Amino acid sequence: MDRLYHVLEAQQFDIDQMDAVFSIAREMEQVVQHYGSNILNRRVMATLFYEPSTRTRLSFESAMTRLGGAVLTTESAQEFSSAAKGETLEDTIRVVAGYTDVIVLRHFESGASNRAAAVAGIPVINAGDGAGQHPTQALLDMYTIQREIGRLEEIAVALVGDLANGRTVRSLCYLLAKYEDIKIYFVAPEVVRMKDDIKEYLQRHQVDFEEADDLHDVARQADVIYQTRIQKERFGDRTTEYEQARGKYIVDRSVMDCMQDHAVVMHPLPRVDEIDPAVDADPRAAYFRQAHNGLYVRMALLRMLLA
Ligand code: NCD
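Residues numbered from 1 in each chain as written. Predicted model: local features only at pLDDT ≥ 70, side-chain atom pairs only at ≥ 80, totals over all residues. Heavy atoms only, no water.

K.L.:
What exactly am I supposed to notice about the pattern of salt bridges here?
P.N.:
All chains considered together, the criterion is met by 25 salt bridges. Between glutamate 148 and arginine 289 there is a salt bridge; the shortest N-O distance is 2.7 Å. Of the two residues, glutamate 148 sits in helix α6 (residues 135-149) while arginine 289 sits in helix α12 (residues 287-306), which places them 141 residues apart along the sequence. Arginine 193 serves as the salt-bridge partner of glutamate 211, at 2.7 Å between the closest nitrogen and oxygen. One end of the pair, glutamate 211, is in strand β7 (residues 208-211); the other, arginine 193, is in the loop between β6 (182-187) and α8 (196-204), with 18 residues separating them in the sequence. For glutamate 211, a relative accessible area of 34% puts it in the partly exposed group. Judged by relative accessible area, arginine 193 falls into the partly exposed class, the value being 34%. Each member of the salt-bridge network shares a partner with another, and the members are Glu190, Arg193, Lys199 and Glu211. (Salt bridge = Lys/Arg side-chain N within 4 Å of Asp/Glu carboxyl O. Helix = DSSP H or I, 4+ residues; strand = E, 2+ residues; numbered from the N terminus. Buried < 20%, exposed > 50% of the residue type's maximum accessible area, 1.4 Å probe, protein only.)

Here it is as structure tokens:
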């Protein structure tokens, strides 16, 4: 198995590496219960976030802290870092790399993490690059599917919502494509359908997928319903398109009633109105468990990169 260095895009992972991430993540659940470890003592992680985040930044910071490491952080980096003075991303990365052992970067431009990795000289983790990818989210999504459904092969996954701008679903498709007998349903409003690059990738890797428009129908077939937020920030002044997309597919009681007993609803969060809070109490609502899994998966990644 290749040693992990940067985490930039989901398709870089092979099954062996994913298995390693998931089995270390499982160990990390124990480590957290026993109040952490000192394995990353004196290691330093920088989180450099040019776009808003709650879960991703705090779970990375918690992960590093629980492994005994230290954290330097810039949220709102566009306003509060030297980017506000006109510094290039590359220069910022060169400087921050001198202070730390790993950089976790969230940026509004697709490809920003690759640019950062080219100059960093230390590992860079892509924590979301515009409408590009979000590979650590996809890893925690796969980990959640394994924990909830019990396997990663022979599963039917419905990806719902903003498939054009959502980076989490793009990364998730790349990871699902590594496994056998996967069926993917794309359920998206017309203006935000899945882009061709992902469909072509799935075709090349012989993954069975179809576009569907009846969420209730799909809910009867799926093991996982993966709902997503319409990414308002990517619409600019196209407010009519945003309004058209929003509200088209909502996971509510009627959708839950169609789902099989063993199936689950996932969502990378934050949600706006695409999942009715009334379904939170249903044991098949897995999205908060999914968010917690982010901690273990990010601990596993940091240990693999730094220990
Ligand atoms: C997602 C993101 O930032 O892409 N959030 C997250 O990291 N859990 C999804 C979103 O913002 O809708």
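Structure's up, so let's keep going.
K.L.:
Just checking my understanding: could you explain the pairing of strand β1 (residues 44-49) for this structure?
P.N.:
In summary, the side chains of a regular strand alternate between the two faces of the sheet. Burial within β1 is extensive, with six of its six residues counted as buried. By the alternation rule, side chains of β1 split into Val44, Ala46 and Leu48 and Met45, Thr47 and Phe49, which are all buried. For the segment spanning β1, helix α2 (residues 55-66) and strand β2 (residues 70-74), crossover handedness is right-handed. Taken together, the five bridges between β1 and strand β3 (residues 102-107) define a ladder with parallel strand orientation. Looking across to β3, one finds that threonine 47 is bridged to valine 104. (Right-handed = clockwise from strand over helix to strand, strands pointing away. Pairing = 2+ DSSP bridges.)

K.L.:
When you look at the nonpolar core in this model, what are you seeing that I'm missing?
P.N.:
Burial of nonpolar side chains together is a common tendency in soluble globular proteins. Judged by nonpolar contacts, the single largest core of 69 residues is most densely connected at Leu159, Ile184 and Leu302. The biggest single contributor to this core is α12, with ten residues. Apart from residues lying up to four places away in sequence, leucine 302 is in contact with Leu40, Met45, Phe60, Ala63, Met64, Leu67, Val102, Ile125 and Ala307. Ranked by size, the runner-up nonpolar core spans 24 residues in total, among them Ala212, Ala219, Val255 and Ala285. (Core = buried A, V, L, I, M, F, W, Y, C linked by side-chain atoms within 4.5 Å. Contact = heavy atoms within 4.5 Å.)

K.L.:
Mind showing me how you'd approach a nonpolar patch on the surface here?
P.N.:
The grouping of Leu72, Val95 and Tyr99 at the surface amounts to a nonpolar patch, some 300 Å² of accessible area in total. You can see tyrosine 99 is positioned in the loop between α4 (89-97) and β3. (Patch = residues over 30% accessible without salt bridge, like charges linked within 9 Å, V, L, I, M, F, W, Y side chains within 5 Å. Areas by Shrake-Rupley, 256 points an atom, 1.4 Å probe, with all protein chains shown as cover.)

Keep in mind that these numbers describe shape and distance, not what the molecule does.
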